[in-house]
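# Coordinate inspection notes
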Amino acid sequence: MPELPEVEITARLLGAAVAGARVESTSAPGVNALKTFDPPLHALDGSRLTGVARRGKHLVVGSDAGLVLLVHLMSAGRLQLFDKRASMRDRTSRLLIRLADGRELRLREFGTRQAAWAKLLRADALEDEEALATLGPEAWPDPPPLGPLLGSQARPLHSLLRDQRTIAGIGRSWVDEILWEARLSPFKRGADLTAAEAQALREAVVARLGEAIAVYERTLSVPLPDRLPLPLKVHRHEGRPCPRCGTTLEAVHFEDYVIAYCPACQTEGRVLKDRRLSRLLK
Ligand SMILES: [Zn+2]
């Protein structure tokens, strides 16, 4: 699932590659992908792309026609640039922007669900768009102090940090890395954070997201691969030794996601109940 570091590197690499390119034609083979109809997608035809920006986990493709294409990749979408046009049989294609130089910017989605979406908006209407207007402050590069942001919240940190209205950009993968880095339990409540813990958490957010982006800067280039190699240490590593203390990493399984953590570093040695099992046994 693309989160802030993956969306950031996508915006940087694609933005540099497409800036100045002229749009020849556009189409939306994914029936549900384009969520707006006015202005029509063809309003982009003939314009020049100005770049690609990131807002939270959204991509914003700019055009000199005064239009922006706001894209959310959801869990399985990718925005990729190809030297050749998509085959009609590429069933992953959701939205295509064909460039006059022969390249193609393609919103693709893997799997059977169609959840990735795009909205074509007038540039001056972008900030009023609900998806952006409701976003919390950016998690990177300079989030606000987290004590005031999380301190009144009874919800656990794992849920708070993934709530895009609270802080924008973090999802199920990087939240595990951040909480491990800060040595905080995923189930600690926002309201129970000490000032020192809130400070450590903010530093962990900036450090882990920044490190990931730096790794991508060194290792990735256009064309972006279908699967980005996430430099994770804890998430999806349950059963392996903690990279800091060697204790076996544990996991709590929920219906559609898994929390991985180190009991020694984060939960004072406690192994947390598996919520999936405990609910089944009720
Ligand atoms: Zn540990």
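The coordinates are above.
A brief look at the structure comes next. (Residues numbered from 1 in each chain as written. Predicted model: local features only at pLDDT ≥ 70, side-chain atom pairs only at ≥ 80, totals over all residues. Heavy atoms only, no water.)

## A word on the side chain of glutamate 177
With respect to the helices and strands, glutamate 177 occurs in helix α5 (residues 172-181). By relative accessible area, which is 0% here, glutamate 177 ends up buried. A polar side-chain atom of glutamate 177 sits 2.7 Å from the main-chain amide nitrogen of histidine 235. If we skip the residues at most four places from it in the chain, glutamate 177 touches Arg208, Leu232, Lys233, Val234 and His235. (Helix = DSSP H or I, 4+ residues; strand = E, 2+ residues; numbered from the N terminus. Buried < 20%, exposed > 50% of the residue type's maximum accessible area, 1.4 Å probe, protein only. Polar contact = N/O pair within 3.5 Å; in protein donor to acceptor, adjacent residues only side chain to side chain. Contact = heavy atoms within 4.5 Å.)

## Concerning the coordination of the zinc ion
Think of it this way: four donors in a tetrahedron around the metal ideally sit 109.5 degrees apart, and six in an octahedron ideally sit 90 or 180 degrees apart. Cys242 (SG), Cys245 (SG), Cys262 (SG) and Cys265 (SG) make up the full set of protein donors to the zinc ion, lying at 2.2 to 2.4 Å. Given four donor atoms and angles of 102 to 116° at the metal, the environment of the zinc ion is assigned as tetrahedral. Counting residues between consecutive donors of the zinc ion along the chain gives the motif C-x2-C-x16-C-x2-C. Of this pair, cysteine 242 sits in the loop between α6 (195-219) and β9 (250-253) while cysteine 262 sits in the loop between β10 (258-261) and α7 (263-266), placing them 20 residues apart in sequence. In this structure, cysteine 242 and cysteine 262 share a single accessibility class: buried. (Donors = N, O, S within 2.8 Å, 3.2 Å for Na, K, Ca; no water. Tetrahedral: all angles 85-135°; square planar, octahedral: opposite > 155°, others 65-115°.)

## Quick look at the layout of surface pockets
Looking at the largest pocket, its volume works out to about 1,000 Å³. Lining of the largest pocket is provided by 38 residues; of these, Met1, Pro2, Lys57, Met74 and Ser75 occupy positions nearest its centre. Secondary structure elements with two or more residues in the lining of the largest pocket: α1 (4-18), β5 (77-82), β8 (117-122), α2 (130-133) and α5. Across the lining of the largest pocket, the residue classes break down as 16 nonpolar, nine polar and 13 charged. One number sums up the size of the second largest pocket: a volume of about 160 Å³. Arg183, Leu184, Ser185, Phe187, Lys188, Glu197, Cys265, Gln266, Thr267, Glu268 and Arg270 are the residues that line the second largest pocket. Across the lining of the second largest pocket, the residue classes break down as three nonpolar, three polar and five charged. (1 Å grid on protein atoms, 1.4 Å probe; cavity = no way out; pocket = protein on both sides within 12 Å on 5 of 7 lines; lining within 4 Å. Points joined across faces, edges and corners; volume = space filled by probe spheres on them. Nonpolar A, V, L, I, M, F, W, Y, C, P; charged D, E, K, R; others polar.)

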